[in-house]
Amino acid sequence: FFLIFRDISSGINAEYGDCNDGSDEPGTSACPNGSFYCANKGFKGTLIASSRVDDGICDCCDGTDEIGGHCTNNCRELGAHLQEEARRIRRQQAEGFQIRMGYIADGKAAKVRREDQIRVLAEEEELKRKEADERKEYKEQVEEPAKAAKETAKAAFDAEEETRKSKEQEEIRLEAEGVLTQIDADNSGDVSIEELLAYGSDPDTILPYEEIQLMTDSGEIEAATLLDRIQTEITAKKETAEREKKREEEREKRRAKKPKLRDVTAVQNEEGEELWGEDGQKISKHTEEEEDEYEDVEDYEEEEEEDPKPVRNTLVYDSATQELIDVFEEAEKLYNEAKKQHDTAKRQLTDLEKLSALDFGEEEEFYSLHGQCYHFKDEKYNYKLCPFDKCEQDGTSLGKWDGWGEDHSTMKYTKGAGCWQGPARSTVVTLICGSENAITEASEPAKCEYAFTFTTPAKCNKVMDEVEIHDEL
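All of these numbers come straight from a predicted model, not from anything done at the bench.

Rules of the game
- Here the residue numbering is sequential within each chain, running from 1 through the sequence in written order.
- Where local features are concerned, this predicted model is filtered to residues with pLDDT of at least 70; where side-chain atom pairs are given and counted, the filter is 80 or more; whole-chain, interface and lining totals use all residues.
- Side-chain numbers here rest on the full set of heavy atoms in the structure, without hydrogens or water.
- Elements are defined by DSSP. Helices are runs of H or I of four residues or more, strands are runs of E of two residues or more, and each kind is numbered from the N terminus.
- With a 1.4 Å probe rolled over the protein chains alone, any residue whose accessible area is under 20% of its type maximum counts as buried; one over 50% counts as exposed, and the rest are partly exposed.
- We treat two strands as partners when DSSP finds at least two bridges between them.
- For salt bridges, the criterion is a side-chain nitrogen of Lys or Arg within 4 Å of an Asp or Glu carboxyl oxygen.
- Only C-alpha atoms enter the line fits that serve as axes; for helices the fit covers just the stretch in contact. Angles between N-to-C directions range over 0 to 180 degrees.
- Throughout, the term roughly parallel applies to angles under 35 degrees, roughly antiparallel to angles over 145, roughly perpendicular to angles from 65 to 115, and oblique to all others.
- In a left-handed crossing the near helix is turned counterclockwise from the far helix by less than a right angle, and in a right-handed crossing that turn is clockwise.
- Under the grouping applied here, Gly and all other residues not named as nonpolar or charged are polar, the nonpolar ones being Ala, Val, Leu, Ile, Met, Phe, Trp, Tyr, Cys and Pro and the charged ones Asp, Glu, Lys and Arg.
- Whenever a pair of cysteine sulfur atoms sits within 2.5 Å, that pair is classed as a disulfide.

How should I be thinking about the environment of Q117 in this particular structure?
Structurally, Q117 is set in helix 1 (residues 75–183). Judged by its relative accessible area of 40%, Q117 falls in the partly exposed class. A sequence separation of 235 residues divides Q117 from L352, and the C-alpha atoms of the two residues are 8.0 Å apart.

Below you can see the structure in the form of structure tokens.
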């Protein structure tokens, strides 16, 4: 085939497209697919579509896209503004970078400390584990003899109690039968209403007179029912006596604890003579503090005046059994203490290992964000970001920490609270360089999918030189 070259130099910007790519008409709008270059000296050069050349709209800041020359050249003003903005950003990046260097130093130092602490805690945890295992083994050794001795003692006690209760019930039954015999005055074996009423007229009877009246009002009196009722009353009276005995013992204990009020100021009679008591002590006035103390004891006694439980026998172990129990209880106490110490050491070690497993960046620059929380409020909601932990919106979970995105540029939080008829909430946090740690934007671009913008010095790299900024412009 043959290639034919044609000189079209005279056809450039001739208002007619000679080349298919429109490159022969860079300064006109003859070719819709062509491009026009705006030099924009003092600002930034740019390409615009050829169709926008000489269309009456100033697209180039130097006005070269409009042949008529009606556009003002404001490239220098735009360039000055751009350079000032670049310098501001550069200053902010420089400040952030200095803070980042501090973050890196802190993060690396913290990592070294964690590694040292993990080594120490690992050794301590192992020692605590061995100690707990040894004490557990000893506890189990002394537990069985103590348990067997307690069971033997309890079995003997239960047998004695059963015998005692049977004897007590038999005594109550015999006493009740004696009362029933007293009621049956004619020894007929049957109790009449007249006999019961006659018995009830005695104020010292076992059965209350009011109850006897109720029994006689029914018209029938069964001897077996009457015997059961008498036994119940005898049992109740015995328990009342036991309670009263117990109450009196408690009173005596409290009386023994009462303050002894002695001479403070001797009491004198009308003639001015001091008065003496039978015990050979002066009768004295009491200070307000002593009287208050005395009254407090009396008030306490009144408050404590409640029916104590009936006296019951309690199991008391013999000295050999008690010694086995004491040995076991001490061993159990020591084991529980050792186990608690081991659990604490293990928990501390696990927490440190989890912390050490977190990715804080290639230079540990994000460590300073750990354990912190940041807040942001827009027109509707309050947002909260706790790096490496969680995100929230007015207390609703927007996700829990789920790792980094590419190049540590984004943080991912997933498995938040479920949306109504939707998925679990999740959040992506985009990190950009800034001189302070702050949420600058929060949105919900898709249902239940949230997006935060977070500025942090940890994302600030070393700034370029001033000459690099100038060359770019």
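What should I look at first to understand the pairing of strand 7 (residues 390–393) in this one?
Looking along a regular strand, one sees side chains alternate from face to face of the sheet. Sheet analysis places strand 6 (residues 382–386) next to strand 7, joined by four bridges and oriented antiparallel. When the bridges of strand 7 are listed, C386 appears paired with K390. Sheet topology places strand 7 next to strand 8 (residues 396–404); four bridges connect them, and they run antiparallel. Note on strand 8: the bridge partner recorded for E392 is S397. Between strand 7 and strand 8, which pair antiparallel in sequence order, lie two residues; one of them, D394, sits at a positive phi of approximately 50°.

Would you mind going over the pattern of salt bridges with me for this structure?
For side chains bearing opposite charge, pairing can occur when the charged atoms are close. As enumerated under the stated definition, the model contains 25 salt bridges in all. For the salt bridge of R91 with E84, the shortest nitrogen-to-oxygen distance reads 3.6 Å. Its relative accessible area of 47% is what places R91 among the partly exposed residues. Between R129 and D133 there is a salt bridge, with the nearest N and O atoms lying 2.9 Å from each other. With R129 and D133 both in helix 1 and four residues apart, this pair spans about one turn of that helix.

Hey, could you run me through the packing of helix 1 against helix 6 (residues 319–357) in this one?
Between two packed helices, the angle of one axis relative to the other and the distance separating the axes together describe the packing. For the pair helix 1 and helix 6, the least separation of the axes is 7 Å and the interaxial angle reads 155°. As far as their axial angle goes, helix 6 and helix 1 are roughly antiparallel. Here helix 1 runs over helix 6; the crossing is left-handed. Taken together, the residues of the contact of helix 1 with helix 6 sort by class into 21 nonpolar, six polar and 15 charged.

Could you clarify how one ought to interpret the state of the cysteines in this entry?
Think of a disulfide as a covalent bridge from one cysteine sulfur atom to another cysteine sulfur atom. Counted by the stated rule, this structure contains six disulfides. A sulfur-sulfur distance of 2.0 Å marks the disulfide that ties C373 to C386. Between C373 and C386, the S-S torsion sits near 110°, and that sign places the bridge as right-handed. Here C373 is found in the loop between helix 6 and strand 5 (374–377), whereas its partner C386 is found in strand 6, with 13 residues between them in sequence. Look at C373 and you get partly exposed, because its relative accessible area is 37%. Residue C386 is classed as buried on the basis of its relative accessible area of 2%. Disulfide connectivity for the protein, with bonded cysteines indexed by sequence position, reads 1-3, 2-5, 4-6, 7-8, 9-11, 10-12. The structure places no disulfide on C391, whose sulfur is separated from the nearest cysteine sulfur, that of C386, by 7.9 Å.

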